[in-house]
Amino acid sequence: MGESTIFNEMLTADGKPRAPYRRLAEWFDTLSPAEMRKKSREAETIFRRLGITFAVYGTSEATERLIPFDIVPRVLSASEWRRLSAGIDQRVRALNAFLYDIYHRQEIVRAGRVPAELILQNEAFLPEMIGFTPARRVYAHIIGTDLVRVGEDDFYVLEDNTRTPSGVSYMLENRETMMRMFPELFQQNRVAPIEHYPDMLRETLESVAPENCDGDPTVCILTPGIYNSAYFEHAFLADTMGVELCEARDLYVEDGKVWMRTTQSPQRVHVIYRRIDDAFLDPLTFRPDSMLGVPGLFDAYRAGNVTICNAPGTGIADDKAIYAYVPDIIEFYTGQKPILKNVPTWNCAKPDDLAYVLDRLPELVVKEVHGSGGYGMLIGPTASKREIAEFSKRLNANPANYIAQPTLALSACPTHVQSGLAPRHVDLRPYVLVGDKVRITPGGLTRVALKKGSLVVNSSQGGGTKDTWVLED
Amino acid sequence: MLGRTAASLFWTSRYNERAENMARLLEVGYRIAMTPRLGQDAADDWRSTLVSAGCDQAFFKKHDELTKRSVVAHMLFDPDNPSSVRSCIEAARNNARSVRTAITGEMWESLNTTYIDFMEVRPQHMTDDKLPGFLTWIKQRSMLFRGAMLGTLMRDEGYHFSQFGCFIERADNTSRILDVKYWILLPDNEVVGGELDRYQWSTILRSVSAHRSYRHAYRDAQIRPFNIAEFLILRKEMPRSLAYCYDWISESMDSLTARYGEQPMSYDMAKRTYQLLDGTTMQQVFQSGLHEFLGDMIARNNGLGAQLAADYHFA
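Because the structure is predicted, anything quoted here is derived from the model rather than measured.

Student: It is not clear to me how the overall build of chain A should be interpreted in this structure. Could you clarify?
Tutor: Within chain A, the regular secondary structure consists of 14 helices and 23 strands. Taking 473 residues into account, the globule formula puts the C-alpha radius of gyration at 23 Å, and chain A, at 23 Å, falls close to it. With respect to the principal axes defined by its C-alpha atoms, chain A has extents near 65 × 55 × 50 Å. In chain A, the share of contacts with a sequence separation of at least 24, taken over all contacts with a separation of at least 6, comes to 69%.

Student: Would you take a moment to explain the domain arrangement of chain B for this structure?
Tutor: Reports often express the size of an interface as the amount of accessible area lost when the parts come together. All names here are of chain B. As far as domains go, chain B holds domain 1 (14-153) and domain 2 (155-315). For domain 1 and domain 2, the distance between their C-alpha centres works out to 21 Å. Contacts between the two partners involve 17 residues from domain 1, matched on the other side by 20 residues from domain 2. In terms of residue count, helix H1 (residues 3-34) provides more of the side of domain 1 that touches domain 2 than any other element does, nine residues in total. Residues that form the side of domain 1 that touches domain 2 fall into these classes: eight nonpolar, four polar and five charged.

Student: Sorry, what's going on with the environment of Met171 of chain A here?
Tutor: Residues and elements named next belong to chain A. Within the element layout of this structure, Met171 appears in helix H6 (residues 168-181). When the C-alpha positions of Met171 and Arg429 are compared, they lie 9.4 Å apart, and in sequence the two are 258 residues distant. Leave out the neighbours within four places in its chain, and Met171 touches Ile194, Tyr431, Gly444 and Leu445.

Student: Looking at this model, I keep getting lost on the domain arrangement of chain A. Mind explaining?
Tutor: Parsing chain A into structural domains produces domain 1 (3-210 + 306-341 + 408-470) and domain 2 (344-406). Class assignment for the residues of the side of domain 1 of chain A that touches domain 2 of chain A results in six nonpolar, three polar and three charged.

Student: What is the right way to look at the pairing of strand E22 (residues 445-449) of chain A in this model?
Tutor: Two faces, one strand: in a regular strand the side chains alternate between the faces of the sheet. Residues and elements named next belong to chain A. In terms of burial, E22 is largely enclosed, as five of its five residues are buried. Burial of the side chains of E22 extends over both faces: Leu445, Arg447 and Ala449 are buried on one face and Thr446 and Val448 on the other. As defined by bridge partners, strand E19 (residues 420-429) adjoins E22 across four bridges and the pair is classed as antiparallel. Bridge assignment links Arg429 to a residue of E22, and that residue is Leu445. Here E22 pairs with strand E23 (residues 463-470) via four bridges, running antiparallel. The partner of Arg447 across the bridge, within E23, is Thr465.

Student: Where do I start with the confidence of the model for chain B in this structure?
Tutor: One rule of thumb: low pLDDT means the predicted coordinates there are not for detailed reading. Taken as a whole, chain B shows an average pLDDT of 90; of its residues, 96% reach a score of 70 or greater. Scoring of the predicted complex yields 0.84 for pTM and 0.77 for ipTM.

Student: Any chance you could explain the environment of Cys413 of chain A here in plain terms?
Tutor: Among the secondary structure elements, Cys413 of chain A is positioned in strand E18 (residues 412-417). We classify Cys413 of chain A as buried; it has 26 C-beta atoms within 10 Å.

Student: What should I look at first to understand the confidence of the model for chain A in this one?
Tutor: In this model, chain A carries an average pLDDT of 91, and 95% of its residues clear a pLDDT of 70 or more. Confidence over residues 56-62 of chain A falls short of pLDDT 50; this stretch has three contacts with residues more than four positions distant or in other chains.

Student: Just checking my understanding: could you explain the interface of chain B and chain A for this structure?
Tutor: Contact residues are listed per partner, giving 19 residues for chain B and 17 residues for chain A. For the side of chain B that touches chain A, the secondary structure elements donating two or more residues are H1, helix H5 (85-98) and helix H6 (105-120) of chain B. Per-element tally for the side of chain B that touches chain A: the top contributor is H6 of chain B, with five residues. In terms of residue class, the side of chain B that touches chain A is built from seven nonpolar, seven polar and five charged.

Student: So what exactly am I meant to see when it comes to the sheet that holds strand E9 (residues 257-260) of chain A here?
Tutor: Backbone-to-backbone hydrogen bonds pair the strands of a sheet. The strands run either parallel or antiparallel. Residue and element names in this part refer to chain A. Spatially, E8-E9-E10 is the arrangement adopted by the three strands of the open sheet, whose pairing is antiparallel. The open sheet terminates on both sides in strands that have one partner only, identified here as strand E8 (251-254) and strand E10 (267-269). The sheet shows a mean angle of 45° between the axes of neighbouring strands, taken without regard to direction. The pairing of E9 with E10 spans three bridges and is classified as antiparallel. Within E10, the residue paired with Val258 across the bridge is Val269.

Student: Looking at this structure, how should I read unusual backbone geometry?
Tutor: What is expected of a backbone is that most residues other than glycine have negative phi and most peptide bonds are trans. Put simply, Cys309 of chain A and Asn310 of chain A share a cis peptide bond, and its omega is -15°. Of note, Asn310 of chain A is situated in the loop between strand E12 (307-309) and helix H11 (320-323). Of note, the phi angle at Asp255 of chain A is positive, near 55°, even though the residue is not glycine. Within the element layout of this structure, Asp255 of chain A appears in the loop between E8 and E9. With phi around 55°, His313 of chain B is a residue other than glycine that occupies positive phi space. Among the structural elements, His313 of chain B can be located in the segment after helix H16 (290-311). His313 of chain B sits in the partly exposed class, given 18 other C-beta atoms within 10 Å.

About the cut-offs
- Residues numbered from 1 in each chain as written.
- Chains lettered and ligands numbered in written order.
- Predicted model: local features only at pLDDT ≥ 70, side-chain atom pairs only at ≥ 80, totals over all residues.
- Helix = DSSP H or I, 4+ residues; strand = E, 2+ residues; numbered from the N terminus.
- Rg over C-alpha atoms; globule rule 2.2 N^0.38 Å.
- Contact = placed C-beta atoms within 7 Å.
- Domains from an automatic or database assignment.
- Nonpolar A, V, L, I, M, F, W, Y, C, P; charged D, E, K, R; others polar.
- Buried ≥ 20, exposed ≤ 12 C-beta atoms within 10 Å, placed from the backbone.
- Pairing = 2+ DSSP bridges.
- pLDDT = per-residue confidence, 0-100.
- Axes fitted to C-alpha atoms, helices over the stretch in contact; angles between N-to-C directions.

Dropping the structure here:
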């Protein structure tokens with residue numbers, strides 16, 4: 001994978017700006033390196049003052065850190081976005097249909113399109129959900145679809161995050177910061193607004209209130225608390241939606257219904273946007289040692305008295321072993337060809353695939369089936385011989401725990417670094433809401449690998465973020 | 001509103017107020033240390049600073065000797081002292097952080113900036129020349145938060161819980177400052193009031209930022225202990241007096257209970273203290289005993305805080 005094959009989103013091979021970036025490139029040419037450094041520092045100060053931080057696990061000091069923010073926005077044209085959003089729409093509808101099916105008649109298994117053991121023996125499959133139908137048959141209400149780009153029209157879906165995708169607050173705050181610092185850019189470019197995301201989120205959550213809810217539904221966010229890495233985001237979303245931010249101790253179940261402890265009489269809760277994992281929802285149903293959960297919550301849920309978003313058991317839809325079947329899943333439920341491509345994936349549980357993967361480790365990316373956050377993965381092209389040897393041992397010891405994919409030449413966007421502007425690899429996470437209808441915010445969160453040549457964009461591994469623009473026609 | 005939210009709003013304000021009071025007490029202690037001694041022991045003055053701040057016990061657990069350096073370190077920076085400015089700022093911020101949804105961005109940013117900047121200060125660099133500026137900064141940051149709250153926070157229930165936290169803490173602080181030196185305020189002292197007493201009297205006024213306003217209120221060249229006690233206990237125009245604090249608490253009680261349509265125990269408790277302060281003269285206070293009166297006020301204050309927590313499900 002040479003440098004020449006990397007798609008640069010701002011510049012064409014002959015050094016001219018691509019159409020969506022034209023005005024932006026002109027504007028950046030007028031900034032001196034000193035001015036750019038000053039702006040970059042200014043942005044950091046804004047983020048720190050606002051307290052937009054995340055916690056890093058495993059570090060005792062500096063538990064709150066900033067995610068580095070890059071002042072150069074990433075730009076998508078209206079037509080590029082139309083295709084992407086149509087593909088995302090198709091994908092999230094199919095995944096929700098899939099979830100309904102596997103927790104009911106399992107037609108897709110009967111049809112032989114997805115192997116039964118892949119579902120029944122999957123840790124992410126929740127037998128407690130079998131036969132239960134959530135409001136509007138929606139399971140995954142809030143989804144972050146991770147996309148990468150390798151060419152002008154070449155986008156791939158890397159992951160469907162159907163559990164509790166995070167990062168949307170960065171998307172919103174990045175835009176606020178850009179508008180505050182560079183108002184002139186927004187006068188020159190017609191950038192689609194994103195500030196209505198919290199309204200759409202609230203509409204979505206209210207639309208899936210239990211059927212027995214009369215009057216306006218009460219929505220709350222359930223957070224593990226201030227020491228959670230994404231606490232800032234939980235507070236941010238509760239604040240911008242105008243709903244309560246609850247910890248488990250603020251909620252209890254009585255008469256099969258969920259209540260908030262308030263300064264006055266208890267208040268019934270209809271919809272819980274939970275930001276805690278399935279296992280910690282309810283100590284009576286799941287982990288008895290959980291301090292985070294609400295005893296009896298799952299029974300209230302199954303009784304149809306409260307909606308939990310996302311539904312328990314949605315993790316099966318973004319399982320890395322299921323991922324390879326998503327194109328089939330789309331065809332099976334929508335009858336259409338997938339608009340967005342999947343990355344070719346080898347499932348190491350299959351002996352043939354494993355042999356192929358072991359043979360080509362230096363070229364491949366290998367991931368843990370249940371891993372996330374960029375931990376526990378191997379990036380063949382940048383790994384040392386020793387790392388590869390060690391990884392192949394682990395792979396042999398537990399092949400079913402891994403999948404492998406070709407190393408994609410992720411597109412690069414100009415990014416402000418020490419020496420000025422330089423291309424750095426990026427991905428994109430658009431945020432999708434599914435309720436009475438599918439709502440997609442134009443753009444999403446662009447994550448950028450700040451280290452030269454690095455393909456890992458995770459914030460826990462030194463990645464940063466950028467404001468993401470979708471230009472209007 | 002969640003009970004936990006109400007509690008956090010209460011404590012955010014309370015700790016913010018306490019940080020300011022700590023800085024003010026240190027300012028006075030520092031001033032005493034700069035004034036030529038009047039036959040007094042320097043350690044004694046630092047001791048009364050610690051007692052006024054309510055951190056004497058925590059101090060002597062860690063230190064044997066009373067020095068300016070050790071007291072300053074204890075009251076400003078010691079994380080083991082729950083009332084140190086550092087602990088107050090941290091606790092205020094943690095409480096605010098857990099109710100980000102219930103406070104405004106301006107309130108949060110003022111607290112968060114205070115926290116970030118305070119944590120960058122190294123205790124060993126806090127030399128004598130820097131201390132006065134630093135104490136001023138702490139007071140200003142606290143006032144900025146309060147200003148942000150008064151200027152931006154919705155006048156709903158959360159606002160009232162914030163007010164309770166602020167004024168219960170302030171009333172507690174004023175009661176303690178008076179009680180530590182109550183004997184120099186007794187009327188029979190006035191006759192014998194020497195150099196030392198006058199000096200102590202002005203110290204009390206300074207510790208509540210009232211040495212100027214006292215002159216305006218009483219238009220008297222002499223500082224009189226009777227007037228000081230009246231000024232800090234009964235005068236409603238003095239913003240750190242007990243009467244003022246309970247005036248505000250009582251008003252917030254009215255609004256909150258009208259909003260909720262219920263008057264729990266804490267309402268009666270607040271009203272009784274308010275009426276006591278409203279209907280009493282200084283003569284009566286002195287007759288019943290100043291020390292006893294102040295001790296009763298401190299107990300009433302604590303009781304009100306606990307009853308609010310019970311009535312509004314702070315747990």
